[in-house]
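Here are the chains, one letter per residue:
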Amino acid sequence: AAACAGTDSAESDLRDESVSRILGIWNELKHVRYVGPGTGAAFAIVRTEVLCVSTASTIVKLASLAPSQQQSFFELVGMKLGPPDAGGSMSCAVRAAAAECMTRLAVPGLALGQDGTIMQEPFQLFQLLEGAPGPESQALRELIQALVGQRGLLQLPLWLQTLKEIVLALPPKAQAQGKSEGAPIKRSNSQEGGEEQDAHDDGAAMADPKPEQAASTARYRAPRSATKIFAVSCVQLLLSLANPDDASHFQLEMPSTPSQEILPAGKQQQQQGRLVHHLDTLIGLAAHASSSEEASLASAGLKLMLLIIERFRCTRDVQGQEDSESCPLLLLQFEAQITTCIRHNMRSETNPATLRLALELLRDVITARACNSTQRLITLLMQPLGGTAFEPDPLFSESASTRTFVFRLRCACEILDSDLEEHTMTPHLRDLGRWTEHALRDSAVLLAGLPLASIKTYQPVCFSLADYKAVQPCFREALATLLRGACALCAAAAGTVSETPGSRRGSTTTSAPPDLIELALGLVVLALGDKSVQPSVADMKVHLRVIRQMFLHAAVAGTGEAGSVISIR
């Protein structure tokens, strides 16, 4: 009835009468409450309570209710959403329906009863999530994500503090102070540094509570890994809400008075609502999660760190500077934490999927120039490529090792093809050229559509014949990057022509593999001749670049004279 009364075709008088009747029926049904098993009508009571709670969102959108009436709806639904010992419903179905109702109301941007305890303290939603079964857990997750999307940036200090307590497994020791004021928690200057250090300390969750906090921490239970992973994803959602081009969130303002150290209260509160002033917290959470021994939590932390690098790669540290263009990147202040994330997840026992995320982070850090020790990271990336044979990891399947190895090769090619200084990759060009040639040769066999009998006669270098079907998508996805790497290798070889006295004109100190030209051109022809795959614009640009670069390289590698004839077999 509420849905039908909300249509545009309903007449005005009839609609008002219908809404009045619907509200009267709902006011009677809201008193139905399930108090536990033992009665024959238990199923009917639970079902009635679920339908009553589910209809609340439709009625709020339908009726032009006063703020006080809307508040009564929110209080009723919020009360049923709470834990049973705090007056919440004893049925998980009712609590799931209450969470779904709140989620539907969060989308239009309603107030959602911010005076309620559940809505004012998001930490309680995570506590409910801890013991919730499947459907209720999914409903609570959707509600938390909706609340982050609705008010995450508006209440940035509150949500970051809550998510930090979940990820670091800290008891909510600051809730009591912020409940009465309804504002972000304020600390004195003497306490601020120490408490922030404890918050980012990995062992802070294991420390003994203070005497005044003994009562609250006695009932505290550390969140599960699944809850921590979800909290990290909420931090990632919070960061993705801001527009990447919004300078207020991703750029520091130039200080008007560098000598002024104490800002007005209003200016401090405005700064607390900007993501750039919480960069230390964001990187601390990502570093803590990515250092976990659990692969899922480590992967979530690496994904958050990747987003942080992407959003803050152009942020300059302009504090105390006059020229913003000459200022260093703000990310350089956190180089130790970022490189620790990379090294921790590039160990031999790391899960292949997590290792690929660490390689992606290493690539982004180098291309963004977010580190001073670029050569060390490149050496860490290229270390497995220094061998003469591909050695699968015995802890994992050969196909997983192949995917990781090819992705490592892709990252090296992207770094070589970036706008970094040429000398950064010079010591590794020979190894990179050898493995790029092997990968292109394997790609030609895998993507040519040859029968199995012909494939068995081939001796692969980067994969095992038993996994040729499993690794075909991996090589197809990496083809464009490998071709870019081949172009960059030829350009690097052409740029290292020896100019020493007495040397033969055209000799090079670092030359590309001799078969790289024919392999790259053959793969371009193979890709263009595949009618089942429609190449994208980016792929076509790579193909044109390959053809042009290979012609130039053939001219340089030949006589080196202008107007020389180039023959291609």
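Caption draft 1: View of the overall build of the protein chain. Along the protein chain, the regular secondary structure elements total 26 helices and zero strands. Residues classed as buried in the protein chain amount to 44% of the 569 residues present. Of the contacts made within the protein chain by residues no fewer than 6 positions apart, 71% connect residues no fewer than 24 positions apart. Looking at the protein chain as shown, the accessible area adds up to about 29,300 Å², and 53% of this sits on carbon and sulfur atoms.

Caption draft 2: Geometry of the nonpolar core. Counting residues in each nonpolar core, the largest one holds 154 residues, and the members touching the most others are Ile308 and Phe312. Take this core: its biggest share by element is 14 residues, from helix 24 (residues 468–494).

Caption draft 3: Focus on the confidence of the model for the protein chain. Looking at the protein chain as a whole, the pLDDT averages 79, with 75% of positions reaching at least 70. Ranking the elements of the protein chain by mean pLDDT puts helix 10 (residues 175–181) last, at 42, and helix 17 (residues 295–311) first, at 96. Counted against residues more than four places away or in other chains, residues 174–207, with its pLDDT under 50, gives 30 contacts.

Caption draft 4: Broad picture of a nonpolar patch on the surface. On the surface, Leu544, Ile547 and Phe551 cluster together into a nonpolar patch covering about 260 Å² of accessible area. Looking at the secondary structure, you find Ile547 in helix 26 (residues 537–557). For Ile547, a relative accessible area of 30% corresponds to the partly exposed category.

Caption draft 5: Spotlight on helix 8 (residues 134–151). Helix length check: helix 8 (18 residues) gives 26 Å between terminal C-alpha atoms against 26 Å at 1.5 Å per residue, within 8%. For helix 8, every residue scored as buried is listed here: Glu136, Ser137, Ala139, Leu140, Leu143, Ile144, Ala146, Leu147, Val148, Gln150 and Arg151.

Caption draft 6: Structural view of the side chain of Ser292. Summarising the element assignment, Ser292 is placed in the loop between helix 16 (279–290) and helix 17. A distance of 3.1 Å separates the side chain of Ser292 from the backbone nitrogen of Glu294, its partner in a polar contact. Those residues within four positions of Ser292 in sequence are excluded, and the remaining contacts are Leu297, Ala298 and His344.

Caption draft 7: Geometry of unusual backbone geometry. Its identity as a non-glycine residue notwithstanding, Ala169 has a phi of 55°, on the positive side. Positive phi, normally seen in glycine, also occurs at Arg369, with a value near 60°. With respect to the secondary-structure elements, Arg369 resides in the loop between helix 19 (352–367) and helix 20 (374–382).

Caption draft 8: Seen up close, helix 17. With 17 residues, helix 17 should reach 24 Å at 1.5 Å per residue; the first-to-last C-alpha distance of 24 Å fits that figure. Among the 17 residues that make up helix 17, 13 are buried, leaving the element largely enclosed by the rest of the structure.

Caption draft 9: Quick look at the packing of helix 9 (residues 156–167) against helix 13 (residues 225–241). Interaxial distance between helix 9 and helix 13 falls to 9 Å at its minimum, and their mutual angle equals 155°. Our classification of the angle between helix 9 and helix 13 gives roughly antiparallel. As for how helix 9 packs across helix 13, the hand of that crossing is left-handed. The segment helix 9 lies against helix 13, with Leu156, Leu160, Leu163, Ile166 and Val167 engaging Thr227, Lys228, Ala231, Val232, Cys234, Val235 and Leu238.

Caption draft 10: Expanded view of the packing of helix 19 against helix 20. Running from amino to carboxyl end, helix 19 crosses helix 20 at an angle of 150°, the nearest separation of the two axes being 10 Å. Comparing the axis directions of helix 19 and helix 20 gives the class roughly antiparallel. Here helix 19 and helix 20 pass one another in a crossing that is left-handed. Taken together, the residues of helix 20 that come into contact with helix 19 (itself represented by Leu359, Leu362, Val365 and Ile366) are Thr374, Leu377, Ile378, Leu380 and Leu381.

Caption draft 11: The environment of Leu516, seen in detail. In this structure, Leu516 sits in helix 25 (residues 516–528). Sequence separation between Leu516 and Cys490 is 26 residues; the distance between their C-alpha atoms is 8.7 Å. Ignoring any residue separated from it by four or fewer positions in sequence, one finds Leu516 in contact with Thr436, Glu437, Leu440, Ala486, Leu489, Cys490 and Met550.

Caption draft 12: Expanded view of the pattern of salt bridges. Counted according to the given criterion, the structure contains 14 salt bridges. Across the pair Glu130 and Arg224 runs a salt bridge, and its minimum N-O distance is 3.7 Å. Within this pair, whereas Glu130 is found in helix 7 (residues 123–130), its partner Arg224 is found in the loop between helix 12 (214–218) and helix 13, the two being separated by 94 residues in sequence. Relative accessible area serves as the criterion here: at 10%, Glu130 is assigned to the buried category. Overall, Arg224 belongs to the partly exposed group, its relative accessible area being 42%. Taking the shortest distance from any N to any O, the salt bridge between Arg369 and Asp419 comes out at 3.7 Å. Linking Arg369 in the loop between helix 19 and helix 20 with Asp419 in the loop between helix 21 (398–416) and helix 22 (429–447), this pair joins segments that are 50 residues apart in sequence. Owing to a relative accessible area of 35%, Arg369 belongs among the partly exposed residues under this scheme. Asp419 sits in the exposed class, given a relative accessible area of 59%.

About the thresholds
- Residues numbered from 1 in each chain as written.
- Predicted model: local features only at pLDDT ≥ 70, side-chain atom pairs only at ≥ 80, totals over all residues.
- Heavy atoms only, no water.
- Helix = DSSP H or I, 4+ residues; strand = E, 2+ residues; numbered from the N terminus.
- Buried < 20%, exposed > 50% of the residue type's maximum accessible area, 1.4 Å probe, protein only.
- Contact = heavy atoms within 4.5 Å.
- Areas by Shrake-Rupley, 256 points an atom, 1.4 Å probe, with all protein chains shown as cover.
- Core = buried A, V, L, I, M, F, W, Y, C linked by side-chain atoms within 4.5 Å.
- pLDDT = per-residue confidence, 0-100.
- Patch = residues over 30% accessible without salt bridge, like charges linked within 9 Å, V, L, I, M, F, W, Y side chains within 5 Å.
- Salt bridge = Lys/Arg side-chain N within 4 Å of Asp/Glu carboxyl O.
- Expected span 1.5 Å × (residues − 1).
- Polar contact = N/O pair within 3.5 Å; in protein donor to acceptor, adjacent residues only side chain to side chain.
- Axes fitted to C-alpha atoms, helices over the stretch in contact; angles between N-to-C directions.
- Parallel < 35°, antiparallel > 145°, perpendicular 65-115°, else oblique.
- Left-handed = near helix turned anticlockwise from the far one by under 90°.

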